[in-house]
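Structural description and commentary
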Amino acid sequence: MHTSIRQILTNVMVGGVLLIGVVFLPAIWFLSNGLIERHQQHTFQIAKDQFHKIIQQSAETLHQQSIELLRQPSFRKALESKNFQNLADAAQRFSDRKGTRFSVSSTELLMPLTYHVEKYQDQVFLTVSIKVNDAVTVTAREPITKGYFNTLITEHKVGVIFQYQSNGAILFSSNHLSDISLQSIRNINPIRLWLSNFLNSEKVFVSTPFAFYSVPHPEVAIYLIGEFTGYYEMVNKLQKVLLGLIILLLLLALLLAWQVSRRVNIPLRRLVKHADELAQGNYIELEPTPNSLSEIKNLYSALSVLKNSVKRREEQILYQATHDLVTGLYNRNFLEQTISRSIEAERRLQLIGIKVLGIRRISELYGYASGDKCLQMLAQRLLRWPGTVTRISDDELVFIPEHALSEEQIDTLKHIAEQPVEIEYFSIPVKVALITLNCPQQVENVADMFKKIRITIDEAITSKQRVMAFDDKLEVRYARRLSIVLELKNALVNCPHELAVVYQPIINLETNALTSVEALIRWNSKKLGVVSPDEFIKVAEQAGIIDKVTDWVIQRVLIELYEFRQLGYSFPIAINLSSHDIQRESFIKSFTPLLKEVGFSPADIELDLTESDLLSDLNAAKRNLTALHKSGFSLAIDDFGTGYSSLAYIKDFTFTTLKIDKRFIITLDKNESDKLIVKTILLLAKALRLAVTAEGVENEESLALLKEWGCTHAQGYFLSKPLSAEELVKQCRDGKFNVTSKPKLNS
């Protein structure tokens, strides 16, 4: 259960006031009661002194009168005659004359003179006894009246009560109090007396016992009765005032607690409201109330700082959520939101996908900062065009022009984007591929958009058509490539029987002997049917699984090469390597040990590489191919004549064979340009002392020309189609090919 500030303040203030009341009221009561008691003691002490004085004066008067009686002749004569009757008569006559009662007795006194109070004939008398001799005592009695104590009553408000000790009966009272009243006065409790007087304002009397006789009287007790109503009333008034002050303080405390809590609660409620607004993302200005406490103002200040900090952080997070940190362009998330809104609103947009080609190579050659700089410069160039530019991956951007661009404008955009980037002393060439996609006509949702951008860019790169518009046929081809990837992975792992290696003989045109065979992979998919190697090899390279294909081919070739050797055939087998293969350090290091492990040497294997395989990473290719050549492998450059740097490759790499691309051979007998190219290649190879293999010999005319021009080796369907291992062995046995035999391998 939560406690509010108002409750806390109220509890504290009320508790404080009550604590003050609990401490001060009893303290004041005890202090007041002590003062009253001291006043009572002082008053009674004065009254006692006054009482003594009054009684002593009266006793002295009686004593003088008794002396006067003793001096009377008649009393002396009777004393001398020891006649008690005469003494009594003389005393009676003297009493009648003086108004004081005198009597004579034979009571023996312990002291010459005594005085006390006694009841005599239903009255209270002051009695003075004088010892005349051992046998005669004269006693003088004077009735005690209220007049005795007028001074005590008027000046000190103290009365006198004479009471029997045996039964408590009052003999005399100067205050006219009853027996019950005296008993209640004698037994009253101070607290009860205060409470009764505090509530009912009754008169307050206090009694105290008092003895004044020279000889204590065994029956009569004397009490002084003082009325202290005024003092108690004064104290009660003081206590009532204090109680009233406490109640007033309680009310003031409640009022103050309410006021303070109001001064705190109102700003706090505003703070809570501001905090709720802040939580909802509404960054309104915070202004404390004018009468706010400094602590509240500090809270407002802290909340304002927090608001500004959260606002800046949210703006930063929102910026990071929608922007690319390298280029400052919008990012993939922003593009997704934009396209989603466009599709919902059916607003037409033209999407131009831009693929930066070779950005990874630029980063590796010139440094990653230079790669980032190229992207930043490209972003600045695109931002000059009206529209929105987003970066969706490391090397891909999407430009959404305000108005659809024509083909000429797209070409201009490509030209501007491909301007070299000048960085210090370097001029870095930039190449891009552009694709176009219409939204929402060709896009169903965001995922569909990214998929179609990816499909079109891949097709543009593969076809080397650097500006391409999306077409539904591209999606069909993409689905085909995806199916090939999935099924090829499955075939390599789970269904190797779908794959096979066939061997196309390479014939020495001078001797007509089979000098080697080229291993070619074939795939008859259960789901896709027969898939052309040109199709699935390219897809495997793009999907990054070509190394698994190569490993499978090598494994299969080694098995069947072993069988060939067991049958006595010594021809080597040529294996095609991809760019991924020649960049794999693990493959380069393990290939030779693998051959030796199964009983073969590098001379049993020829390695064929295309010019495009060397383009991806020249340094790695040169390093690894040099290592293979030193190990004893024969290296052939395949599809020679189709690249851009063939002569440089011949100079930089240690190739032993040139394989002329079949595109120059198929129509060799009809195309004069092909004849000129082939003649030139043959002359070049002869000058460099390189063996030459013509690929794709399809007719006798082309074969005759090759022989005429000095080509040493050829392969093609005219000579032999690719054969399975069993077919190759059969044709070798049938004598179709002149095959050199070799001793069998040891099992």
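Residues numbered from 1 in each chain as written. Predicted model: local features only at pLDDT ≥ 70, side-chain atom pairs only at ≥ 80, totals over all residues. Heavy atoms only, no water.

Describing the overall build of the protein
When helices and strands are tallied, the protein shows 25 helices and 26 strands. By the burial criterion, 43% of the 747 residues in the protein qualify as buried. Of the contacts made within the protein by residues no fewer than 6 positions apart, 64% connect residues no fewer than 24 positions apart. As displayed, the protein has an accessible area near 40500 Å², and 54% of this comes from carbon and sulfur atoms. (Helix = DSSP H or I, 4+ residues; strand = E, 2+ residues; numbered from the N terminus. Buried < 20%, exposed > 50% of the residue type's maximum accessible area, 1.4 Å probe, protein only. Contact = heavy atoms within 4.5 Å. Areas by Shrake-Rupley, 256 points an atom, 1.4 Å probe, with all protein chains shown as cover.)

Re the packing of helix α2 (residues 73-81) against helix α3 (residues 84-98)
It is the contact of α2 with α3, at a shortest axis distance of 8 Å, that shows an interaxial angle of 165 degrees. With respect to each other, α2 and α3 are oriented roughly antiparallel. Pair α2 / α3 crosses with left-handed handedness. Across from Ser74, Phe75, Ala78, Leu79 and Ser81 in α2, the residues of α3 making contact are Asn86, Leu87, Ala90 and Arg93. By residue class, the composition of the contact of α2 with α3 is 5 nonpolar, 3 polar and 1 charged. (Axes fitted to C-alpha atoms, helices over the stretch in contact; angles between N-to-C directions. Parallel < 35°, antiparallel > 145°, perpendicular 65-115°, else oblique. Left-handed = near helix turned anticlockwise from the far one by under 90°. Nonpolar A, V, L, I, M, F, W, Y, C, P; charged D, E, K, R; others polar.)

Remarks on the side chain of Glu695
Take Glu695: it is sitting in the loop between β24 (691-694) and α24 (700-708). Despite its burial, Glu695 remains without a salt bridge, the nearest opposite charge being carried by Lys659 at 4.5 Å. With residues near it in sequence (within four places) discarded, Glu695 still touches Glu518, Asp638, Asp639, Lys659, Ile660, Asp661, Lys662, Ile665 and Gln715. (Lys, Arg positive; Asp, Glu negative; His and termini not counted. Salt bridge = Lys/Arg side-chain N within 4 Å of Asp/Glu carboxyl O.)

Quick notes on the packing of aromatic side chains
Summed over all chains, the structure comprises 8 aromatic pairs. When the ring of Tyr366 is compared with that of Phe426, the centres are 5.6 Å apart and the planes differ by 70 degrees; the resulting orientation is edge-to-face. Here the residue Tyr366 occupies a position in helix α10 (residues 359-366), and Phe426 occupies one in strand β14 (residues 426-428), the gap between them amounting to 60 residues. Given a relative accessible area of 32%, Tyr366 falls into the partly exposed group. With a relative accessible area of 45%, Phe426 lands in the partly exposed category. Between Phe587 and Phe591, the aromatic rings sit 5.1 Å apart at their centres with planes inclined by 20 degrees, giving stacked as the arrangement. Of this pair, Phe587 and Phe591 both sit in helix α18 (residues 585-597), 4 residues apart, roughly one helical turn. For the residue pair Phe587 and Phe591, the accessibility class agrees, reading buried in each case. Chaining the aromatic ring pairs together yields one cluster made of Tyr503, Phe564, Tyr569 and Phe571. (Phe/Tyr/Trp six-rings, centres within 6.5 Å; stacked < 30°, edge-to-face > 60°.)

Looking at the sheet that holds strand β10 (residues 349-357)
Across the sheet, which stays open at both edges, the 6 strands sit in the order β9-β11-β12-β10-β15-β16 with mixed pairing between neighbours. Because the sheet does not close on itself, it has two edges, and the strands there are β9 (330-331) and β16 (467-469). With 6 bridges connecting them, strand β11 (residues 387-393) and strand β12 (residues 396-401) associate as antiparallel partners. Note that in β12 the partner of Thr388 across the bridge is Ile400. (Pairing = 2+ DSSP bridges.)

Re the side chain of Glu606
The topology assignment puts Glu606 in strand β21 (residues 605-610). Of the side chains bearing the opposite charge, Lys659 lies closest to the buried Glu606, which forms no salt bridge; the N-O distance is 5.5 Å. The contact partners of Glu606, leaving out residues within four places of it in the chain, are Ser516, Pro572, Ile573, Ala574, Ile575 and Ser634.

Here's the deal with the pattern of salt bridges
Pairs can form between side chains of opposite charge whenever their charged atoms are close. Scanning all chains against the criterion turns up 25 salt bridges. Linking Lys675 and Glu672 is a salt bridge whose minimum nitrogen-to-oxygen distance equals 3.4 Å. In this pair, Lys675 and Glu672 are both assigned in helix α23 (residues 672-687), 3 residues apart and thus about one turn of the helix distant. Residue classification places Lys675 among the buried residues on the basis of a relative accessible area of 18%. Overlapping salt bridges bring together Lys355, Asp395, Glu396, Arg454 and Asp458 as one network.

Observations concerning a nonpolar patch on the surface
A contiguous nonpolar patch, built from Val241, Leu245, Leu248, Leu249, Leu252, Leu255 and Trp258 and spanning about 630 Å² of accessible area, is present on the exposed surface. Mapped onto the elements, Trp258 comes out in helix α7 (residues 229-279). Given a relative accessible area of 39%, Trp258 falls into the partly exposed group. (Patch = residues over 30% accessible without salt bridge, like charges linked within 9 Å, V, L, I, M, F, W, Y side chains within 5 Å.)

Let's talk about helix α12 (residues 407-417)
Of the residues making up α12, those classed as buried are Ile410, Leu413, Lys414 and Ala417. The buried residues of α12 occupy one face: seen down the axis, they fall within an arc of 100 degrees. Those residues of α12 that are exposed and aimed more than 90 degrees away from the buried face are Glu408 and His415. Residues of α12 that are buried sit in contact with β10, α11 (368-383), β12, β15 (431-439) and β16. (Arc of directions from axis to C-beta.)

Quick word on unusual backbone geometry
With the exception of glycine, the majority of residues adopt a negative phi angle, and the majority of peptide bonds are in the trans configuration. The linkage connecting Cys439 with the following residue, Pro440, adopts the cis geometry, with an omega of 5 degrees. With respect to the helices, strands and loops of the structure, Pro440 is situated in the loop between β15 and α13 (446-463). Not every positive phi belongs to a glycine, and Asn512 is a case in point at roughly 60 degrees. Mapped onto the elements, Asn512 comes out in the loop between β17 (499-508) and β18 (513-525). Although it is not a glycine, Arg689 adopts a positive phi angle of roughly 60 degrees. With respect to the helices, strands and loops of the structure, Arg689 is situated in the loop between α23 and β24. The class for Arg689 is exposed, based on a relative accessible area of 79%.

A few points about the environment of Ile455
By the element assignment, Ile455 lies in helix α13. Spatially, the C-alpha atoms of Ile455 and Arg477 are 8.7 Å apart, while their sequence positions differ by 22 residues. The residues touching Ile455, leaving out its near neighbours within four places in the chain, are Leu474, Glu475, Tyr478 and Arg481.

Observations concerning α3
With 15 residues, α3 should reach 21 Å at 1.5 Å per residue; the first-to-last C-alpha distance of 21 Å fits that figure. Three or more residues of α3 are buried, namely Leu87, Ala90, Ala91, Phe94 and Ser95. Angularly, the buried residues of α3 cover 140 degrees about the axis, an arc narrow enough to put them on a single face. The exposed set on the far side of α3, more than 90 degrees from its buried face, consists of Asp96 and Arg97. (Expected span 1.5 Å × (residues − 1).)

Regarding the environment of Leu635
Within the element layout of this structure, Leu635 appears in strand β22 (residues 634-640). A residue is classified by how much of its surface remains accessible, and Leu635, at 1% relative accessible area, is buried. Along the backbone, Leu635 and Glu606 are 29 residues apart, and their C-alpha atoms lie at a distance of 6.1 Å.

Section: a positive patch on the surface
Taken together, the side chains of Lys431, Lys464, Arg466 and Lys538 make up a positively charged region of the molecular surface. Position of Lys431 among the secondary structure elements: in strand β15. A residue is classified by how much of its surface remains accessible, and Lys431, at 45% relative accessible area, is partly exposed. (Charge placed at Lys NZ, Arg CZ, Asp CG, Glu CD.)

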